[in-house]
Amino acid sequence: MATASVPALPAVSGREAHPILDLVGRRAAIGIVTLFVVSAVVFLATQVLPGNAALAVLGRGANPARLRATELQLHLNRGLFDQYWIWLSGLFTGKLGTSLANGQPVWGLIEPRLINSAVLVIATGVIGTVIGVALGAIAALRKDGWFDHVTSVAALAVTSLPEFVVAIGLIILFSTVVLHLLPAVSLLPPGTYAWSQPELLVLPVATLVIVIVPYIFRMMRAAMIEALESDYVEMARLKGVPEWRIVLTHALPNAMAPTIQVIGLNFLYLAGGVVLVEYVFNYPGIGQGLVFAVENRDIPVIQFIVVTLAAFYVCVNIASDVVALLATPRRRIPR
Amino acid sequence: MTGIAPAVSPEAAPPARTGRHPWLSVLWSTARTPRGAAGLTMALLVVLVAVIGPAVSPHSPNDLATLTFAKPSGQFPLGGDFLGRDVLSRVLNGGWLLLLMAVAATAIGIAAGAAAGMTAAYLPGPPDGIIMRTVDVILAFPQLVFALLLLSLLGPKLWLIVLAVGLSHAPAVARVIRSATLDIAERDYVKVAELQGMRPAKVMTKEILPNLISPLMVEAGLRLTYSIVIIAGLAFLGFGQPPPTANWGTMINENRIGLQLNPWAVIAPAVLIALLTIGTNTFTDAVARVTIGVDRRPEEAALLDDLGPEQA
């Protein structure tokens, strides 16, 4: 939420606001409005649409006393606006209510999952970015060579694979049928975090890396080829700049800008991608938590996880726009 | 820049073979490229298994015909599943509904997205703002999460899965079609039609829509691939047809505890899903190359155009 809470700067009269601050302000404002609408939509959808939420939770034929108790717990006896207000202020004060499945506080259930998922997403993002950018740059430098052909065809094939198929493939290769190197499930004892047993992270991270690398690779390769054929690289060559400097200081920075946007898109993808991968590996993150909550119709947990994922989505969107802007040299100067 | 065509350029469409529909001629040209032929072969192979499968399956998919996780044998070439049902028969019966649902979800997503995108771009004033803000809100949910949210509310019904996946495609399609429409709306033949007093709805369907064929075909291919991925993924998570029915996504999940005993119960459906998505995706890539004429997808081309060195 840190990014989204930067206040929009009022345009200084008489001269143009700095383009980056201007953009951050505008995107943050839109982001906050979007999040507000998202929270209202999630709330309305989960609380109101299906008729009686308490009945949905307990199932038909629930006894009237329990039905009444659940209604009270969900504040269904209050007006619609009151219900929304209680829930929204709870999001900010940490009073998220209790899980309908086991009666424990939602925050206590979700917090360790949130941290585990963050570890998964960050590890995947860093490793995937490094591999994707490196492979893309090498393929562009060796355009139409064998490395370029092999990696491009492989990227095209892997891009479209469902993450659970990749995960199952890795389990078959590394932990069951072919080899027995790694654990097939990433069960963590309650109260411990993912970094206490790093070997449990290997297969989930590898799965997600395999899924995101092709996108980063393709973009990096295309952008790098474009940069290498540009006038400023031609100019640098004519001036006699050594090739390694041309690649590192002229082509690479310019190829990074569009690639950063794709990296941003892949972080967005990870918000949804963790759901299946965590489920496959029994990894205790919020994705698995969401699947369990949906199975149990645990509305407070569903609401919180969905809004958290949406907030992550909006923040990453803003961040990738800003970083891409910062990475485009000629856009840094106010015009 | 090396002569990159804009993301959408109707002129770049292949020379129409006389007497054919333009989209048929695109498909035809694509199928004759090596990449297109490879993609089509893979996808058609899986479609064949899914469609003919129920007619040729040797056993009933729900009979407990053999032993739990039985090894492959002459009578049961892929062995038994976690309940001792014939894996081959379940594989042959478990694909057609997945295909049907994916096609239906894609159709919903393309229709809704194209209608919203064209309207936003062509009709002046409030519709644009309203539609694009709605798009922003839906895009804030990852597609799978959006589908799970809807399913959690209304229960795991098949029509709802199709609708949820279709609707979750619409925003991305709307964005692509909106920018394509903005480009086309400026062309002379559209202006002429407007000056002749054609009503906006008719301009959209008669003048603009036929020129959106290239981006629509590429979008349809992409969304079909994603539909297969998401619908199979939902089935894997247990949100699909109710238990006894065979389904490739469900099979992978229910049989993975027996990987050591009979891996084929998992490998067979996984390979079919993989072959199908690789096939549709490769073919879509070939369509993009034929219609747009560059080695990148529309969304990548748009990013390059946006931030590329030319636009100073």
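Residues numbered from 1 in each chain as written. Chains lettered and ligands numbered in written order. Predicted model: local features only at pLDDT ≥ 70, side-chain atom pairs only at ≥ 80, totals over all residues.

*Asks:* Explain the overall build of chain A to me, please; I cannot follow it from the model alone.
*Replies:* Looking only at helices and strands, one finds 12 helices and zero strands in chain A. Secondary structure elements of chain A occur, N-terminal to C-terminal, as α-α-α-α-α-α-α-α-α-α-α-α. In chain A, which comprises 335 residues, the proportion classed as buried is 42%. Put simply, 70% of the contacts in chain A that link residues at least 6 apart link residues at least 24 apart. (Helix = DSSP H or I, 4+ residues; strand = E, 2+ residues; numbered from the N terminus. Buried ≥ 20, exposed ≤ 12 C-beta atoms within 10 Å, placed from the backbone. Contact = placed C-beta atoms within 7 Å.)

*Asks:* Would you take a moment to explain the overall build of chain B for this structure?
*Replies:* For chain B, the helix and strand inventory stands at 13 helices and zero strands. Listing each helix as α and each strand as β along chain B from the N terminus yields α-α-α-α-α-α-α-α-α-α-α-α-α. Across the 312 residues that make up chain B, the buried fraction comes to 53%. Intrachain contacts of chain B at a sequence separation of at least 6 include 71% that bridge at least 24 residues.

*Asks:* So what exactly am I meant to see when it comes to the interface of chain A and chain B here?
*Replies:* One widely used convention gives an interface's size as the accessible area the parts lose upon coming together. In this assembly, 52 residues from chain A lie in contact with 45 residues from chain B. Those elements that provide at least two residues to the side of chain A that touches chain B are α1 (19-47), α6 (146-159), α7 (163-174), α8 (199-228), α10 (243-281), α11 (286-296) and α12 (299-327) of chain A. Here the side of chain A that touches chain B takes 10 residues from α10(A), the largest share from any one element. When its residues are assigned to classes, the side of chain A that touches chain B shows 36 nonpolar, 11 polar and five charged. (Nonpolar A, V, L, I, M, F, W, Y, C, P; charged D, E, K, R; others polar.)

*Asks:* Help me out: how do you make sense of the confidence of the model for chain A in this one?
*Replies:* Interpretation of this model should avoid reading the predicted coordinates in detail wherever pLDDT is low. Residue-level pLDDT values for chain A average 78, and 81% of them are 70 or greater. Ranking the elements of chain A by mean pLDDT puts helix α2 (residues 53-58) of chain A last, at 58, and α7(A) first, at 90. (pLDDT = per-residue confidence, 0-100.)

*Asks:* What is the right way to look at the nonpolar core in this model?
*Replies:* Among soluble globular proteins, nonpolar side chains are generally buried collectively. Formed by 178 residues in total, the largest nonpolar core has its most connected members in A310(A) and I231(B). It is α10(A) that contributes the most residues to this core, 19 residues altogether. When sequence neighbours within four positions are dropped, the list of residues in contact with A310(A) reads L35(A), V38(A), A140(B) and F141(B). (Core = buried A, V, L, I, M, F, W, Y, C linked by C-beta atoms within 7 Å.)

*Asks:* Sorry, what's going on with the environment of N247(B) here?
*Replies:* Residue and element names in this part refer to chain B. Here N247 shows up in the loop between α10 (213-236) and α11 (248-255). The class for N247 is buried, based on 24 C-beta atoms found within 10 Å. Between the C-alpha atoms of N247 and P269, which are 22 residues apart in sequence, the distance is 8.5 Å. When neighbours within four sequence positions are excluded, N247 is seen to be in contact with G94, L97, L98, A235, G240 and Q241.

*Asks:* How should the confidence of the model for chain B be read in this particular structure?
*Replies:* Residues and elements named next belong to chain B. Taken residue by residue, chain B gives an average pLDDT of 80. The fraction at 70 or more is 87%. Throughout residues 1-18 the model reports pLDDT below 50, and contacts reaching past four residues in sequence, or to other chains, amount to 42 contacts. Segment residues 306-312 is flagged for pLDDT under 50; beyond a separation of four residues in sequence, or across chains, it makes 11 contacts in the model. What the predictor reports for the complex is a pTM of 0.82 with an ipTM of 0.80.

*Asks:* Is there a simple way to explain the environment of V153(A) in this structure?
*Replies:* Residue and element names in this part refer to chain A. The residue V153 is located in helix α6 in this model. On the basis of neighbour counts, which here come to 13 C-beta atoms within 10 Å, the residue V153 falls in the partly exposed class. Sequence separation between V153 and L270 is 117 residues; the distance between their C-alpha atoms is 23 Å.

*Asks:* How should I be thinking about unusual backbone geometry in this particular structure?
*Replies:* With glycine set apart, most residues show a phi of negative sign, and most peptide bonds adopt trans. All names here are of chain A. With a phi close to 70°, D144 is a non-glycine residue in the positive phi region. The residue D144 is located in the loop between α5 (106-141) and α6 in this model. Positive phi, close to 55°, is recorded for N282, a residue that is not glycine.

*Asks:* Please clarify how helix α12 (residues 264-292) of chain B should be interpreted in this entry.
*Replies:* Count 3.6 residues to each turn of an α-helix, and residues three or four apart come out pointing the same way. The terminal C-alpha atoms of α12(B), which comprises 29 residues, lie 41 Å apart, in line with the 42 Å expected from a rise of 1.5 Å per residue. Within α12(B), 25 of the 29 residues are buried, which leaves it mostly tucked inside the rest of the structure. (Expected span 1.5 Å × (residues − 1).)

*Asks:* Looking at this structure, I do not really get the packing of helix α4 (residues 96-122) of chain B against α10(B). What am I missing?
*Replies:* Residues and elements named next belong to chain B. Where α4 contacts α10, the axes come no closer than 8 Å and their chain directions differ by 135°. When the axis of α4 is compared with that of α10, the two are oblique. The two elements α4 and α10 meet at a crossing, and its hand is right-handed. Between α4 and α10, the residues in contact are L98, M101, A102, V103, A105, T106, G109, I110 and A114 and L216, E219, A220, R223, L224, S227, I228, I231 and A232, respectively. Residue composition of the contact of α4 with α10, grouped by class: 13 nonpolar, three polar and two charged. (Axes fitted to C-alpha atoms, helices over the stretch in contact; angles between N-to-C directions. Parallel < 35°, antiparallel > 145°, perpendicular 65-115°, else oblique. Left-handed = near helix turned anticlockwise from the far one by under 90°.)

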